[in-house]
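Coordinates in review
Spelled out from the first residue to the last, the chains are:
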Amino acid sequence: MSFLASRRTRNEPPAAGSRFVSARFASRVEYAAVLLPAALVTLGAVAAGRTDKARAWWARAAEQEAAERSSPRRPGAWRLTAHTLLCVPLGLLALIPVGIELLFVLRGVLYPLVDHGPYDHSWGGPSMLGAWVVHFLVGVPFAAAGLGALALLGRLHSRIAGWMWGRKVGVGPVLALLVSSAAGVVFVIAWVHQL
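Residues numbered from 1 in each chain as written. Predicted model: local features only at pLDDT ≥ 70, side-chain atom pairs only at ≥ 80, totals over all residues. Heavy atoms only, no water.

Turning next to the overall build of the protein. From N to C terminus, the protein includes nine helices and zero strands. When the elements of the protein are put in sequence order from the N terminus, they spell out α-α-α-α-α-α-α-α-α. Taking all 195 residues of the protein together, the buried fraction comes to 38%. Long-range contacts, defined as pairs at least 24 residues apart, comprise 67% of the intrachain contacts of the protein with a sequence gap of at least 6. Surface summary for the protein: the accessible area is close to 11100 Å², and the carbon and sulfur share equals 72%. (Helix = DSSP H or I, 4+ residues; strand = E, 2+ residues; numbered from the N terminus. Buried < 20%, exposed > 50% of the residue type's maximum accessible area, 1.4 Å probe, protein only. Contact = heavy atoms within 4.5 Å. Areas by Shrake-Rupley, 256 points an atom, 1.4 Å probe, with all protein chains shown as cover.)

Following this line, the structure appears as structure tokens:
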């Protein structure tokens, strides 16, 4: 499902049931995964004078379409730039679960293509099939947690993005951004040291 198509399904009534929930979940995951490149593209769009396009994209991506249509206070170039710079830490933080998903694909799904054996000391060895199954099963909860983290980051960004249209954000989302950014730094440092 493409990013824009999944965003359009958000306007469906909640009667759509689990498809609506799964489409919203998938769109938040996809949106959080591309948050850093989107922030960089937005900076370029604002610099090129395409503020309306950048604002419309952020409204759609951050679940603020209703605010964009009804708010008399639309964000200008400076507010868009400030918001984009605020998105950089979230985008960097999203690289962690994106990396986890990539590792799951490489070390779980495609394990026999990545490790050609021998599998005598591998988890699930000595057979290739046993090692593949064990690596896949160990990776499944981490992949699920990575998808959940991306969805939460997408939701956190949509809460923080409300300030561009004059909504009160409150302390909670800002505190969550600070705590999750600090936790991400600690995680990356620990990961680098264990290598």
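Read on, since the account is not over.
This brings us to the environment of A26. Structurally, A26 is set in helix α2 (residues 18-33). The class of A26 is partly exposed, set by a relative accessible area of 32%. Sequence spacing of A26 and L150 is 124 residues, and the spatial spacing of their C-alpha atoms is 9.5 Å.

Per-residue pLDDT for the protein averages 78, and the proportion of residues at 70 or more is 81%. Confidence over residues 1-15 falls short of pLDDT 50; this stretch has 30 contacts with residues more than four positions distant or in other chains. (pLDDT = per-residue confidence, 0-100.)

With that out of the way, let us pick up the nonpolar core. Ranked by internal contacts, the top residues of the largest apolar core, which has 24 residues, are Y31, L35, W57, W58, L80, L90 and L153. Within the residue set of this core, elements represented by two or more residues are α2, α3 (35-47), α4 (51-61), α6 (77-109) and α8 (128-161). In this view, L35 contacts W58, C87, L90, G91 and H157; residues no more than four positions away in its chain are not counted. (Core = buried A, V, L, I, M, F, W, Y, C linked by side-chain atoms within 4.5 Å.)

Attention shifts here to the side chain of H135. In this fold, H135 is placed in helix α8. Its relative accessible area of 13% is what places H135 among the buried residues. Beyond its immediate sequence surroundings of up to four residues, H135 is in contact with R107, G108, Y111, S122 and W123.

Moving on to the packing of aromatic side chains. According to the stated counting rule, one finds two aromatic pairs in the structure shown. Seen in terms of ring centroids, F104 and F136 are 5.4 Å apart; in terms of plane orientation they differ by 40 degrees. Their pairing is tilted. One end of the pair, F104, is in helix α6; the other, F136, is in helix α8, with 32 residues separating them in the sequence. Judged by relative accessible area, F136 falls into the partly exposed class, the value being 33%. (Phe/Tyr/Trp six-rings, centres within 6.5 Å; stacked < 30°, edge-to-face > 60°.)

Bringing the packing of α6 against helix α9 (residues 171-194) into the picture now. Direction vectors running N to C along α6 and α9 enclose 45 degrees, while the axes themselves pass 10 Å from each other. The angle between α6 and α9 places the two elements in the oblique class. Regarding α6 and α9, the two cross each other, and that crossing is left-handed. Contacts between α6 and α9 involve L86, P89, L90, L93, I96 and L103 from the former and L177, S180, S181, G184, F187, V188 and W191 from the latter. Grouping the amino acids of the contact of α6 with α9 by side-chain chemistry returns 10 nonpolar, three polar and no charged. (Axes fitted to C-alpha atoms, helices over the stretch in contact; angles between N-to-C directions. Parallel < 35°, antiparallel > 145°, perpendicular 65-115°, else oblique. Left-handed = near helix turned anticlockwise from the far one by under 90°. Nonpolar A, V, L, I, M, F, W, Y, C, P; charged D, E, K, R; others polar.)

Another aspect to go through is the environment of V140. As for its position among the elements, V140 is in helix α8. For V140, a relative accessible area of 35% translates into the label partly exposed. V140 sits 36 residues away from F104 along the chain, and the two C-alpha atoms are 7.4 Å apart.

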